[in-house]
Amino acid sequence: MEGKLLFTWMLLCLLLRPSAAQNTRPEGVLNCCEGDVLFLVDSSGSVSSYEHSRMLAFLSELLLPFSLGEDQVRVGLLQVGSKPRLEFGFGKYHTQSGLQGALTNIKPLRGDTNTVDALKMAKEWVLRPGAADGARAGLPRVLVWLTDGVKPGDVIGPMAELQEEGVAVLVVSTGHGNYQVLRRVVSPPVEDHLYFVDIDDMSIITEDLRDAIIEIIRAERIHVRDISTNSATLHWRPVLSGLSGHYEILFSPLVTGGAGGAGGTGTSTSTLGTQYQKLRQSASSSTALLTGLKPDTTYTATLTPESNEQVFNTLSVTFTTKPEVISPAVVTVSELRQNSIQVSWGPLQPETVTSYYIEYSALPRGKLNAVTVGPTQNSTLLRGLQPDTTYLVTVSARHASGKEKAMSVKVCTQEVTPALADLQLTTVGSDSVQVDWKGSVAGLKGYWLTWESLQSSVPGQRSSLYLPPDSLSTRLNHLPPSARVCVSPIYRTARGEGLCCTAQFHSDALAYGYHS
């Protein structure tokens, strides 16, 4: 018995021993991804010790290239037997040495293939964000089920629930599983997520399965923001945080024939031109400002984390700077008044513009006026204009290069608003009248009302009344049968021209008014 156990242990160690191929990590896997991957491994009685050891060896080779950790990939493993068991959760191993060692120590459970209970455990304890040692919120979650296909149970419902919660399901069958059942439980596309393979040939699907996982949990590790005509800011995840080293950044215009579009990312540096710029950032940094760029040009930037403690891939991104906008690109007019207008323009370009020259004149042949402002000013108030007049306003930018760009707009000043208008008289009873008018309070000191009889034998005999500027109505009582009522605006220095109406009282108590 002891000899058999010794033989099994030696065989398992041999199968899990890293080979030369394993120590060479595939390009593009290091630092590529961020997500939580749970492996559901069948270790029931229908799986022999040899088959179980082959599954674990397969997982060892599959996972070896990944960078592990809180900001990288996390791995969990749940075994299926009569009583499913979580061998380790997502937060257990943050290094490859720890993970690889754990895989060599896993023993099969035996018993029935209780996959349904294992899936319930996976859903409640592992794959649900917020659970202790569970998945991280907002990141991809993947379930990879390794099974011999023998009596898996009613797994369609539980698998569907996991997918509804956003978990991607992949299946590897080493036996003669029911294809119709397995194709229903995997996430689409089926051809990339469902594998049938002999237990001794599992290595032939290692790369394909790894690529399928990467496609789901690939993280955007490098991207560009705040792109302008001549600068951009490079952002990346601080993978060197806590490590010694630095980041090396190279950027240049995309060489002719290079692949990539604005915003594309990858790990290739073949599109970097020979005339590149170089930056070095500290291990604690996560951004870099790229300057000296040309407008409307596609660039490639590469980021290489350099550290003696860990190996990282070189990442790359392509982006296109914005087309050059020569000021002024827009001219707007606001605060229109009778004698002034506010003119604004943009964008400001103080690094290239020396001054702005604003010309304005009344159309069609008014006097030309002009004002000059500095390169940091983007608006000015034009005064001394005529009311109700169309003006042509031209803003010219004088650039340091000697170039000059101009943009013009037409604008009409406000009309002169009468101090009062629409005087109306309404008779009330036999000798009273209601006086109403519309007026402008701005600048007025009040209103002056006068009334006199048109039938008086003494000409020039009249009555008067002052009203404050916010009064727009009053009632006059004890008027003669035919009376003329006038309302005039009062300014700071004089009384303005007013409006007059005549009120007549008749036996039928009807009256009419008219303007004169």
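To be clear, the structure that these remarks concern was listed above.
Residues numbered from 1 in each chain as written. Predicted model: local features only at pLDDT ≥ 70, side-chain atom pairs only at ≥ 80, totals over all residues. Heavy atoms only, no water.

Engineer: Explain the pattern of salt bridges to me, and be specific about the residues and the numbers.
Structural biologist: Enumeration according to the criterion identifies 13 salt bridges in this entry. Here K123 and E161 are joined by a salt bridge, their closest N and O atoms 2.9 Å apart. With a gap of 38 residues between them, K123 in helix α5 (residues 115–126) and E161 in helix α6 (residues 156–164) connect regions that are remote in the sequence. By relative accessible area, K123 is classed as buried at 15%. When the shortest N-O distance is used, the salt bridge between E165 and K123 registers 3.7 Å. Of the two residues, E165 is situated in the loop between α6 and β5 (167–173) and K123 in helix α5; the sequence distance between them amounts to 42 residues. In the salt-bridge network here, residues are joined through shared partners; they are D36, E70, R74 and R136. (Salt bridge = Lys/Arg side-chain N within 4 Å of Asp/Glu carboxyl O. Helix = DSSP H or I, 4+ residues; strand = E, 2+ residues; numbered from the N terminus. Buried < 20%, exposed > 50% of the residue type's maximum accessible area, 1.4 Å probe, protein only.)

Engineer: Which residues make up the pairing of strand β7 (residues 222–225), and what are the values?
Structural biologist: Direction of pairing for β7 relative to strand β8 (residues 231–236): antiparallel, over a ladder of four bridges. Note that in β8 the partner of H223 across the bridge is H235. The hairpin turn running from β7 into β8, its antiparallel successor, is five residues long, and D226 in that turn takes a positive phi close to 50°. (Pairing = 2+ DSSP bridges.)

Engineer: Describe the state of the cysteines, naming the residues involved and giving the relevant values.
Structural biologist: Applying the stated criterion to the full structure yields one disulfide. Between the sulfur atoms of C486 and its disulfide partner C500 the distance amounts to 2.0 Å. Between C486 and C500, the disulfide has an S-S torsion of 110° and is therefore right-handed. Of this pair, C486 sits in strand β27 (residues 482–490) while C500 is found in strand β28 (residues 499–504), placing the two residues 14 residues apart along the sequence. (Disulfide = S-S within 2.5 Å.)

Engineer: Summarise the nonpolar core; cite the residues concerned and give the values.
Structural biologist: One finds F39, F66, V144, L146, L209 and I213 to be the most contacted residues of the largest nonpolar core, which totals 37 residues. Every element with two or more residues in this core is listed here: β1 (35–42), α3 (49–63), β2 (73–80), α4 (96–104), β4 (141–147), β5 and α9 (206–217). Element by element, the count of residues in this core is highest for α3, at six residues. Contacts of L209, omitting those with residues within four sequence positions, involve F58, L62, V144, L170, V172 and Y195. If you look at the next biggest cluster of nonpolar residues, it comprises 25 residues, including A118, V171, V186 and V190. (Core = buried A, V, L, I, M, F, W, Y, C linked by side-chain atoms within 4.5 Å. Contact = heavy atoms within 4.5 Å.)

All we've got here are geometric facts, nothing functional implied.
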